[in-house]
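Report on the structure
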Amino acid sequence: MRKSAVLASVGLAVATVAAWGGFQASADDRPEFSVQYAHASTVGDFSEDEKLVGFADFVFHGTVVTKKGTTEIDGMPETQWAVKVNEVYEGTLQAGSTTVVNQTGGYDADTNSLTLMEGDLPLEIGESYVFSTHSMSDRAWFTMVPVYGAQPVGSTTQPFPTAEDMDGDGQSTVADHWKQMVRDQVAPDVGVGEGPEPTDEPTEQPSDVPTGDPEPTDPAE
């Protein structure tokens, strides 16, 4: 990652730490605020949207409403967000519903540090993204693919010249691009690192659970 990108990431992390943890990063009784980066345990190239969609179970455009809860799995913080679903490209979610999206990473008040997956950025309340996620059989939320699983998209009607006109309205838009990616998805080569099964529950139980009755699949398959 280039130095400028690192500085931008740290700046954004500092600006949004209150949303992640509900604390001020400048508190006098805690260590100096820091940002830590962790490597993803799943090894795969998701920089191509066809492979990203091929790995994900649920792909949709949504707006972050609020932070819902936190948990820790094998020493790694996880943060849950309430997300309003705007458009669905893959999966059984319903547009207009509210679901819970889980992002690997979070704020630790004891160490006054924000942990993120390497190359990832914190979600921001009020911002909209195209989410690429997978479900977990023992969790009432959808977990983002690290780094590429939340791509900032304010409006899906924005022009996307290289996309096919999937809905036949004479325009090529961001929505057309993601519909095309779902149609043309490619299963990526993925290696899954070892680790214990999640057991901890959020400190705040999400009140909004995924809509529909998804049948979780193993993302490594």
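As the structure is a prediction and not an experimental result, all values here were calculated from the model.

1. Some points on the overall build of the protein
- Across its full length, the protein carries three helices and ten strands.
- Seen in sequence order, the protein has helices and strands lined up from the N terminus as α-β-β-α-β-β-β-β-β-β-β-α-β.
- The buried share of the protein, taken over its 221 residues, is 42%.
- Sequence separation of 24 or more characterises 66% of the internal contacts of the protein that already satisfy a separation of 6 or more.
- Accessible surface, the protein as shown: approximately 11,100 Å² in total, 48% of it carbon and sulfur.

2. Observations concerning the nonpolar core
- Counting residues in each nonpolar core, the largest one holds 15 residues, and the members touching the most others are Val-53, Val-59, Tyr-89 and Trp-178.
- Elements supplying a minimum of two residues to this core: helix H2 (49-55) and helix H3 (174-183).
- Beyond its immediate sequence surroundings of up to four residues, Val-59 is in contact with Val-53, Val-88, Tyr-89, Glu-90, Val-130, Phe-131, Ser-132 and Trp-178.
- Membership of the second largest hydrophobic core comes to 14 residues, among which are Val-64, Val-85, Leu-123 and Met-144.

3. Description of the pattern of salt bridges
- Inspection of the entire model under this criterion finds two salt bridges.
- Here Glu-164 makes a salt bridge to Arg-183, at a shortest N to O gap of 2.8 Å. In this pair, Glu-164 is assigned in the loop between strand E9 (150-152) and H3 and Arg-183 in helix H3, connecting sequence segments 19 residues apart.
- Judged by relative accessible area, which is 35%, Glu-164 ranks as partly exposed.
- Salt-bridge contacts for Asp-184 lead to Arg-183; the nearest nitrogen and oxygen are separated by 2.8 Å.
- It is possible to trace a salt-bridge network through shared partners that takes in Glu-164, Arg-183 and Asp-184.

4. Concerning the pairing of strand E6 (residues 113-117)
- Counting buried positions along E6 gives five out of five residues, so the element sits mostly inside the fold.
- Of the two faces of E6, both are covered, the one formed by Ser-113, Thr-115 and Met-117 as well as the one formed by Leu-114 and Leu-116.
- Where strand E5 (residues 98-108) meets E6, four bridges bridge the pair, whose relative direction is antiparallel. Counterpart to Tyr-107 in the pairing with E6 is Leu-114.
- Connecting the antiparallel pair E5 and E6 is a turn made up of four residues, with Asn-112 showing a positive phi of about 50°.

5. A closer look at the confidence of the model for the protein
- The share of residues in the protein with pLDDT of 70 or more is 70%, and the mean pLDDT across the chain is 78.
- When mean pLDDT is compared element by element in the protein, H3 scores highest at 98, while helix H1 (residues 3-21) scores lowest at 45.
- Throughout residues 192-221 the model reports pLDDT below 50, and contacts reaching past four residues in sequence, or to other chains, amount to 57 contacts.

6. Some details on H3
- Judged by how many residues are buried, H3 sits mostly within the fold: eight of ten residues are covered.
- Listed in full, the buried residues belonging to H3 are Val-174, Ala-175, Asp-176, His-177, Trp-178, Gln-180, Met-181 and Val-182.
- Looking at the buried side of H3, the elements it contacts are H2, strand E3 (58-73), strand E4 (76-90), strand E7 (128-135) and E9.

7. Topic: the environment of Leu-114
- Here Leu-114 is to be found in strand E6.
- Sequence separation between Leu-114 and Pro-77 is 37 residues; the distance between their C-alpha atoms is 9.0 Å.

Rules used in this analysis
Residues numbered from 1 in each chain as written. Predicted model: local features only at pLDDT ≥ 70, side-chain atom pairs only at ≥ 80, totals over all residues. Heavy atoms only, no water. Helix = DSSP H or I, 4+ residues; strand = E, 2+ residues; numbered from the N terminus. Buried < 20%, exposed > 50% of the residue type's maximum accessible area, 1.4 Å probe, protein only. Contact = heavy atoms within 4.5 Å. Areas by Shrake-Rupley, 256 points an atom, 1.4 Å probe, with all protein chains shown as cover. Core = buried A, V, L, I, M, F, W, Y, C linked by side-chain atoms within 4.5 Å. Salt bridge = Lys/Arg side-chain N within 4 Å of Asp/Glu carboxyl O. Pairing = 2+ DSSP bridges. pLDDT = per-residue confidence, 0-100.

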